[in-house]
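Structural description and commentary
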Amino acid sequence: MASNAVVDSDVLVVRNLTKIYGRDLQIGSRKFGRSIIAVNDANFSVKKGEIFGFLGPNGAGKTTTIRAILGYLTIESGTIKINGLDYQQDGLEIRKNIGYIPGDVTLYGNFTGEELINYFNEFRPTDQAFLKKLRNIFKVDLTLKVKSLSSGNRQQVAIICALASNPDLLILDEPSSGLDPLMASRFHKLLLEMRDNGKTIFLSSHDLSEVQSICSRVGIIRKGKIIVVEAVNKLRNKSLQIMNIEFTESNAPSMNEIKTIPNVIQVEKQDGSIQIKVKEDINDLLNLVTSRRVRRMTLEDSSLEDIFLEFYKDEMDLEKEK
Amino acid sequence: MFAIYKKQLQKTWYFWLIPILLIVALAFYMVLIWPEFEPIIQEFQSLLENPLYQALLGEGAIELGITSFEGLISMEMFIVCDIMFIGFILAFGTLIVAREADTGTLDIMLSYPIPRWKFLLQKLLAFITVTLAFPILTWLVTTLAASSYDITFNNEAFLISLFSRWVLYMTLTSIAILCSIIFMDSTKTIGSSGLILGGSFILERIGGLVRPASAETADILQGISLFHYLDGPTVMNNIMNNKGFPLGELLIIILIGVLALLISLVLFQKREFK
């Protein structure tokens, strides 16, 4: 879990954030309303110059958290601070330096890209040098009306508009959805460059490979609760490792023998080899392996996807039971 | 500083101006037909004895009668204006906030450092600016056309009646905006503001229908209808017959409009966007 201590370098600090939608309303034995806890006592912080990935399936509370950070929602309890400023009292000041791309981008259809950039420039001045760079990266025709663009090109216009002022904090909700792989890769490269220049990026995404490749830390939210906030590397180290071993036929240990080794989670036979999933300490397993003759062995970290699925294992099991 | 106002004007002026030009065209048409109509107009006066006409046109128009140019133009034009502006206001009330919330453009707009009240007020100001064309252009075109056809009419009373009705329309716009902000949903906004505006319009007509049977019931029904106040033909009739301008009505209507707008601004500033 994330530490509750606020560090100077923390740009975004969310403490004990709780958001409840609706109200319980009961008259006699009849219920007329039901409250839903969308975010429950969430705690996390995002440091200056990092890309923080925010993961969770649909309905987990990602968008609610983002909307609370942007000051669109009133929260039941907790605090949200951006650069030490309170999200509600100092909303205007905070928004001077935030770039936001919503999950489902809709822009004014009767504007051209250029007109949109000029329009938003009135509220948050454009960094002309950075805009020039954005124009080079994204090849969308900004002279066309937004309504005539494809969804991918509209997404590019939204990215250019959000980033044009070169803000210090970016809040991105599924920013690369709709982008083709080439554009997505260019966009990721740009985010990494921005990070290197001290910009802070809060990235909510379904694309686990995207998060794995560009985020330094991730927060995983499940049913409104933040269940883990950890560096991606640490998370992968702590998580399952997958060992594929091909023993020489004569001295292969039995499946039961392997299962009794501490930290071994799962053992499966696969085309002549054995796949073993082991968590954290792998030394006991290595001792067994080295005592036998091995033809071939590979050891790989689990991907962020495996880790993510591990956190959601209970839910998936429940769904299967249904 | 006025980016939203400018954008709103640039991108929507034609949308709002087209119906206003239709009203102006109607006024011009009235001028065109008046020279031919004037000699035979007396024959149509009996039409106004029909209770349905009386209810539809209102007391002010009936009192003015059809035999004068002022009577004809106010009788024909204000009823069309009322119906047109109901649609106009419903559309604007929905577009100002609810539709932006529906489509998601509000999400992006509010992520910029703009006070919400400023966003709302600038959009409303743009609408006010364009709709000002209604009294100004209608008066100007009617006056110029009438003078070129040698029609004399009380253009001062006409101007005041046009502006009075415009003030009522702006108050109705504030109410539609309030509905938009309360519901933040296009369908609900159209439904609720349509109920208030349409209901008010119908109440005024029902009041006119029941008046011959019960003046008391008619007074109650029309008293709660916003369309009863600052009625164009009535204002024109009052000024032409030296009965004075209904200042009390103007103050009530402005008060309701300002109140609705203030509540809208406060609500919009404080409400959440789910």
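The structure under discussion appears in the preceding block.
Residues numbered from 1 in each chain as written. Chains lettered and ligands numbered in written order. Predicted model: local features only at pLDDT ≥ 70, side-chain atom pairs only at ≥ 80, totals over all residues. Heavy atoms only, no water.

1. Points about the packing of aromatic side chains
Residues and elements named next belong to chain B. Rule in force here: Any two of the Phe, Tyr and Trp rings considered here, Trp counted by its six-membered ring, make a pair once their centres fall within 6.5 Å; the pair's planes then place it as stacked at under 30 degrees, edge-to-face at over 60, or tilted in between. Put simply, DSSP marks the helices as runs of H or I at least four residues long and the strands as runs of E at least two long, and each gets a number from the N terminus on. Buried means the residue's accessible area, taken with a 1.4 Å probe over protein chains only, is under 20% of the maximum for its type, while exposed means over 50%, and partly exposed covers the values in between.
Scanning the model with the defined rule gives 35 aromatic pairs over all chains in all. With centroids separated by 5.6 Å and ring planes inclined at 75°, the aromatic side chains of tryptophan 16 and phenylalanine 92 adopt a geometry described as edge-to-face. Of this pair, tryptophan 16 sits in helix H1 (residues 3–37) while phenylalanine 92 is found in helix H4 (residues 69–103), placing the two residues 76 residues apart along the sequence. With respect to class, tryptophan 16 is no different from phenylalanine 92; both count as buried.

2. Side note on the sheet that holds strand E11 (residues 217–222) of chain A
Residues and elements named next belong to chain A. In plain terms, the rule: Being paired, for any two strands, means DSSP has found at least two bridges between them. Angles run from 0 to 180 degrees between N-to-C directions of axes, and those axes are lines fitted to C-alpha atoms, restricted for helices to the stretch in contact.
The strand order across the open sheet built from 6 strands is E8-E9-E10-E5-E11-E12, with neighbouring strands paired in mixed fashion. Both edges of this open sheet fall to strand E8 (98–101) and strand E12 (225–231), since each of them pairs with a single strand only. Taken pair by pair, the neighbouring strands of this sheet meet at an average axis angle of 15°, ignoring direction. Where strand E5 (residues 51–55) meets strand E10 (residues 200–204), 4 bridges bridge the pair, whose relative direction is parallel. Of the residues in E10, the one forming a bridge with phenylalanine 54 is serine 204.

3. Regarding a negative patch on the surface
Residues and elements named next belong to chain A. Note the threshold: Each patch is assembled from residues with relative accessible area greater than 30% and no salt bridge, linking like charges that lie within 9 Å and nonpolar side chains (Val, Leu, Ile, Met, Phe, Trp, Tyr) that lie within 5 Å. Note on areas: Shrake-Rupley with a 1.4 Å probe; residue coverage comes only from the protein chains shown. Note on definitions: salt bridges are taken to be side-chain nitrogens of Lys or Arg within 4 Å of carboxyl oxygens of Asp or Glu. Charge counting follows a simple rule: Lys and Arg are positive, Asp and Glu are negative, and His as well as the terminal groups are ignored. We put the charge of a Lys on NZ, of an Arg on CZ, of an Asp on CG and of a Glu on CD.
Judged by side-chain charge, Glu300, Asp301, Glu305, Asp306 and Glu310 come together as a negatively charged surface patch. When residues of the negative patch are traced back to their parent elements, those giving at least two are strand E16 (294–301) and helix H11 (304–311). In terms of residue count, the dominant contributor to the negative patch is H11 (3 residues). Within the secondary structure, glutamate 310 is located in helix H11. Overall, the relative accessible area of 35% leaves glutamate 310 in the partly exposed class.

4. As for a nonpolar patch on the surface
Residue and element names in this part refer to chain B. A grouping of Trp13, Tyr14, Phe15, Ile18, Leu22 and Leu95 is seen on the molecular surface, where their side chains present a nonpolar patch of about 600 Å² in accessible area. The element contributing the most residues to the nonpolar patch is H1, with 5 residues. Mapped onto the elements of the fold, leucine 95 is located in helix H4.

5. With respect to helix H10 (residues 215–223) of chain B
Residues and elements named next belong to chain B. What counts here: The directions from the helix axis to the C-beta atoms form the arc being described. By definition, residues are in contact when any of their heavy atoms lie within 4.5 Å.
Turning to H10, its buried residues number three or more, namely Ala218, Leu221 and Gln222. The arc that holds every buried residue of H10, seen down its axis, measures 90°, which confines them to one face. Turned more than 90 degrees off the buried face of H10, the exposed positions are Glu216 and Ile220. Of the surrounding secondary structure, the elements contacted by the buried residues of H10 are helix H3 (59–64) and helix H9 (186–210).

6. Some points on the pairing of E12(A)
Pairing of E11(A) with E12(A), which is carried by 6 bridges, proceeds in the antiparallel orientation. Residue pairing in the sheet places Val218(A) in a bridge with Glu230(A) of E12(A).

7. Re unusual backbone geometry
Unlike most non-glycine residues, Lys223(A) shows phi in positive territory, near 50°. As for its position among the elements, Lys223(A) is in the loop between E11 and E12. Among the residues examined, Lys223(A) registers a relative accessible area of 56% and is labelled exposed. Positive phi, normally seen in glycine, also occurs at Asp150(B), with a value near 55°. With respect to the element layout, Asp150(B) can be found in the loop between helix H7 (133–148) and helix H8 (155–183). When its relative accessible area of 70% is taken as the criterion, Asp150(B) is described as exposed.

8. Considering the side chain of Arg67(A)
Positionally, Arg67(A) belongs in helix H1 (residues 62–69). For Arg67(A), a relative accessible area of 8% translates into the label buried. Contact partners of Arg67(A), with chain neighbours within four places excluded, come to Tyr72(A), Leu73(A), Tyr100(A), Asp107(B), Phe273(B) and Lys274(B).

9. Quick notes on the nonpolar core
Test applied: Only buried residues count toward a nonpolar core. Its members are Ala, Val, Leu, Ile, Met, Phe, Trp, Tyr and Cys residues joined through side-chain atoms within 4.5 Å.
Of all hydrophobic cores here, the largest spans 165 residues; its most connected members are Phe44(A), Leu163(A) and Phe202(A). When residues in this core are grouped by element, the largest group, 16 residues, is from H4(B). Apart from residues no more than four positions distant in its own chain, Phe202(A) is found in contact with Leu12(A), Phe44(A), Val46(A), Phe52(A), Phe54(A), Ile66(A), Ile69(A), Leu170(A), Ile171(A) and Leu172(A). Core analysis: the next-biggest nonpolar cluster, separate from the first, contains 14 residues, Ile245(A), Val264(A), Ile274(A) and Leu285(A) among them.

10. Here we look at the interface of chain B and chain A
The following threshold applies: Here's the idea: put two parts together, see how much 1.4 Å probe accessible area each one loses, and the total over both is what we call buried area. Contacts described as polar in this section are N or O atom pairs within 3.5 Å, which, within protein, must combine one atom able to donate a hydrogen with one able to accept it, while residues neighboring in sequence count only if both atoms come from side chains.
Contact with chain B, which involves 26 residues of that partner, is made by 27 residues of chain A. Across the interface of chain B and chain A, roughly 2500 Å² is buried in total on both sides, 58% from carbon and sulfur atoms. Of all residues in chain B, Lys11(B), Tyr112(B) and Pro113(B) bury the most surface against chain A, accounting for 25% of the area lost on that side. Put simply, Asp107(B) and Arg67(A) hold a salt bridge, and the shortest N to O gap is 2.7 Å. Joining chain B to chain A, the criterion identifies 16 residue pairs in polar contact (both at pLDDT 80 or more). Put simply, the parts of the chain that give the side of chain B that touches chain A at least two residues each are H1, H4, helix H5 (105–109) and helix H6 (116–131) of chain B. Counting residues per element, the side of chain B that touches chain A draws most heavily on H1(B), which supplies 5 residues.

11. Details of the pattern of salt bridges
All names here are of chain B. Counted by the stated rule, this structure contains 18 salt bridges over all chains. Between arginine 211 and glutamate 59 there is a salt bridge, with the nearest N and O atoms lying 3.3 Å from each other. Note that arginine 211 is positioned in the loop between H9 and H10 and glutamate 59 in helix H3, a separation of 152 residues in sequence. The exposure class of arginine 211 is partly exposed, given its relative accessible area of 21%. Of the charged contacts in the structure, one is a salt bridge between glutamate 63 and lysine 243, with a shortest N-O distance of 3.0 Å. With glutamate 63 in helix H3 and lysine 243 in the loop between helix H11 (232–240) and helix H12 (247–270), the pair connects residues that are 180 residues apart, well separated along the chain.

12. Side note on the sheet that holds strand E15 (residues 273–279) of chain A
Residue and element names in this part refer to chain A. Spatially, E14-E15-E13-E16 is the arrangement adopted by the 4 strands of the open sheet, whose pairing is antiparallel. Each edge of the open sheet carries a strand with a single partner, namely strand E14 (264–270) and E16. Taken pair by pair, the neighbouring strands of this sheet meet at an average axis angle of 15°, ignoring direction. With 6 bridges connecting them, strand E13 (residues 240–247) and E15 associate as antiparallel partners. Across the sheet, residue isoleucine 245 finds its bridge partner in E15, namely isoleucine 274. Across the face of the sheet, helix H10 (residues 283–290) comes into contact with E13, E14, E15 and E16 while running at roughly 5° to E13.

Nothing here speaks to function; it is all geometry.
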